[in-house]
Amino acid sequence: MSREFDIIVYGATGFTGRLVAEYLVQTNTPRWAMAGRSLSKLQEVRGEITAHPDTPLITANSDDPASLAAMCERATVIISTVGPYQLYGNDLVAACVATGTAYVDLCGEPAWMRHMIDAHDEAAKASGARIVFSCGFDSIPFDLGVLALQNAAKRKFGKPAPRVKCRVRKMQGGFSGGTAASLKATLAAAARHPSILGLLVDPFALSPGFTGPSQPKGLLPEYDKTIEAWVAPFIMAPINTKNVHRTNFLLEHPYGEDFVYDEMMVAGLGDMGKAAAEAIARINPLASDKGPKPGEGPSKEERDNGYYDILFIGEMPDGGRVEAVVTGDRDPGYGSTSKMIAETALCLVNDVAGEGGVWTPGALMGEVLIKRLEANAGLSFRAG
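Residues numbered from 1 in each chain as written. Predicted model: local features only at pLDDT ≥ 70, side-chain atom pairs only at ≥ 80, totals over all residues. Heavy atoms only, no water.

1. Structural notes on the overall build of the protein chain
Inference 1: Across its full length, the protein chain holds 15 helices and 14 strands.
Inference 2: Its C-alpha atoms give the protein chain a radius of gyration of 20 Å, near enough to 21 Å, the size a compact globule of 384 residues would have.
Inference 3: C-alpha atoms of the protein chain, sized along the principal axes, occupy 60 × 45 × 45 Å.
Inference 4: A total of 384 residues make up the protein chain; the buried ones form 56% of that total.
Inference 5: Look at the contacts in the protein chain between residues 6 or more apart in sequence, and 76% of them connect residues 24 or more apart.
Inference 6: Carbon and sulfur atoms form 52% of the exposed surface of the protein chain, whose accessible area is close to 16,100 Å².
Inference 7: Positive and negative charge centroids in the protein chain, built from 37 and 44 side chains respectively, lie 3 Å apart. (Helix = DSSP H or I, 4+ residues; strand = E, 2+ residues; numbered from the N terminus. Rg over C-alpha atoms; globule rule 2.2 N^0.38 Å. Buried < 20%, exposed > 50% of the residue type's maximum accessible area, 1.4 Å probe, protein only. Contact = heavy atoms within 4.5 Å. Areas by Shrake-Rupley, 256 points an atom, 1.4 Å probe, with all protein chains shown as cover. Lys, Arg positive; Asp, Glu negative; His and termini not counted. Charge placed at Lys NZ, Arg CZ, Asp CG, Glu CD.)

Laid out in structure tokens, this is it:
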């Protein structure tokens, strides 16, 4: 069924939404539109990002389900940058499912994602709506990094690695203001509904009906003999690990039902590395009001100077080893994320059909998305 637009960017007047819209302008993407609450703000942003003056503008609001449904009926894919999604996303996902419209977002809120899976997965399969969460720094580099490593393990050893370690070696630029707001909203929700805590600590919370082996907690600094360095807790591990396990679950366990996975940050070598790891473990990123608020973000220079380097190590039972490295050429929270979610939407429009349902990027798009990100979004995936 042909739609009026290939892509609608919902939340185009926000900081990240604006970056996504600007990316679509720079890549000469046809048949797209900008959407948000305020027509005047949309007009202002359209001019500031030098979009064509005829670029369509659509008013839609998270508290007006009829406006969301009308918007979804016009698009093949909705890109949503309007979070926290647990506060503003329910009706949009429901509208996409009802209209058979594909949906991508930047969600790092596992309890809400599980609620959406339970509420909409079967209906999305029936309508053909492809719902894909976590299409930014959480969790594409990790989800696709593990996929690339396991494909390399199968080429090298003829079988997947049952144990994979992810070690974030370098990262310039922090997570976004929207991510911080989502973390705070999640903790507030858990305080009101203690059952949410169970989902937050369960590595298989996004794989309903399946419980795998015990997984590393990753809550304390430790010395990692594999890389001969001290490692510290990684703030995004609780969402990334769940998405990696969901990809394995959706693909019927190509990594094995005994798959074990964890993520940590590399702090350094020797006593200085130990001290750095302990300092990182003590940091509470939510304890301060410093940093960007939702709708704010770093300058273009800061985004352009950002980067990340992530090592994945696959360990075989007989001592064999395979590695993969994922790098990005912009800051993770904004510059790289805006490119990743835009290219994910374009992948759904141009490259991948796929059945309806609630997906991960790795399970639905896999190698096809890796190739697109390497070609267009400044990421590299090296495995072997």
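And the narrative resumes.
2. Thoughts on helix 7 (residues 140–157)
Inference 1: In this model helix 7 runs 25 Å from its N-terminal to its C-terminal C-alpha over 18 residues, within 8% of the 26 Å that 1.5 Å per residue would give.
Inference 2: Counting buried residues along helix 7, 14 of its 18 residues qualify, which places the element largely inside the surrounding structure.
Inference 3: Immediately downstream of helix 7, the backbone of Gly-158 shows phi near 80°, a positive value. (Expected span 1.5 Å × (residues − 1).)

3. Concerning the sheet that holds strand 13 (residues 357–359)
Inference 1: Judged by pairing direction, the sheet is parallel, and its seven strands sit side by side in the order 3-2-1-4-5-6-13 without closing on themselves. Pairing within the sheet leaves two strands with one partner each, and these edge strands are strand 3 (57–59) and strand 13. With strand direction ignored, the average angle separating the axes of adjacent strands in the sheet is 20°.
Inference 2: Each of strand 1 (5–10), strand 2 (32–36), strand 3 and strand 4 (75–80) is contacted by helix 3 (residues 65–72), which is oriented at about 130° to strand 4, the strand it contacts most.
Inference 3: Along the sheet face, helix 5 (residues 90–99) touches strand 1, strand 4, strand 5 (102–105) and strand 6 (130–132) and points at about 150° away from the line of strand 5. (Pairing = 2+ DSSP bridges. Axes fitted to C-alpha atoms, helices over the stretch in contact; angles between N-to-C directions.)

4. Section: the pattern of salt bridges
Inference 1: The full count for this structure, using the stated rule, is 19 salt bridges.
Inference 2: Linking Asp-304 and Lys-300 is a salt bridge whose minimum nitrogen-to-oxygen distance equals 2.6 Å. Taken together, the residues Asp-304 and Lys-300, both in helix 12 (residues 300–304) and four residues apart, mark about one turn of the helix.
Inference 3: Across the salt bridge formed by Arg-321 and Glu-323, the nearest N and O atoms sit 2.6 Å from each other.
Inference 4: Look at Glu-323 and you get partly exposed, because its relative accessible area is 30%. (Salt bridge = Lys/Arg side-chain N within 4 Å of Asp/Glu carboxyl O.)

5. Examining unusual backbone geometry
Inference 1: For the bond from Gly-83 to Pro-84, the omega torsion is -5°, close enough to zero to count as cis.
Inference 2: Tracing the backbone through its elements, the reader meets Pro-84 in the loop between strand 4 and helix 4 (85–88).
Inference 3: Omega for the bond connecting Asp-138 with Ser-139 falls within 30 degrees of zero, at 15°, which places this linkage in the cis form.
Inference 4: Tracing the sequence through the fold places Ser-139 in the loop between strand 6 and helix 7.
Inference 5: In the Ramachandran plot, Thr-50 falls in the positive-phi region, its phi being about 55° despite a non-glycine side chain.
Inference 6: Here Thr-50 shows up in the loop between helix 2 (39–48) and strand 3.
Inference 7: One non-glycine residue, Glu-228, adopts positive backbone phi at about 55°.
Inference 8: Its location among the elements puts Glu-228 in the loop between strand 8 (222–224) and strand 9 (229–233).

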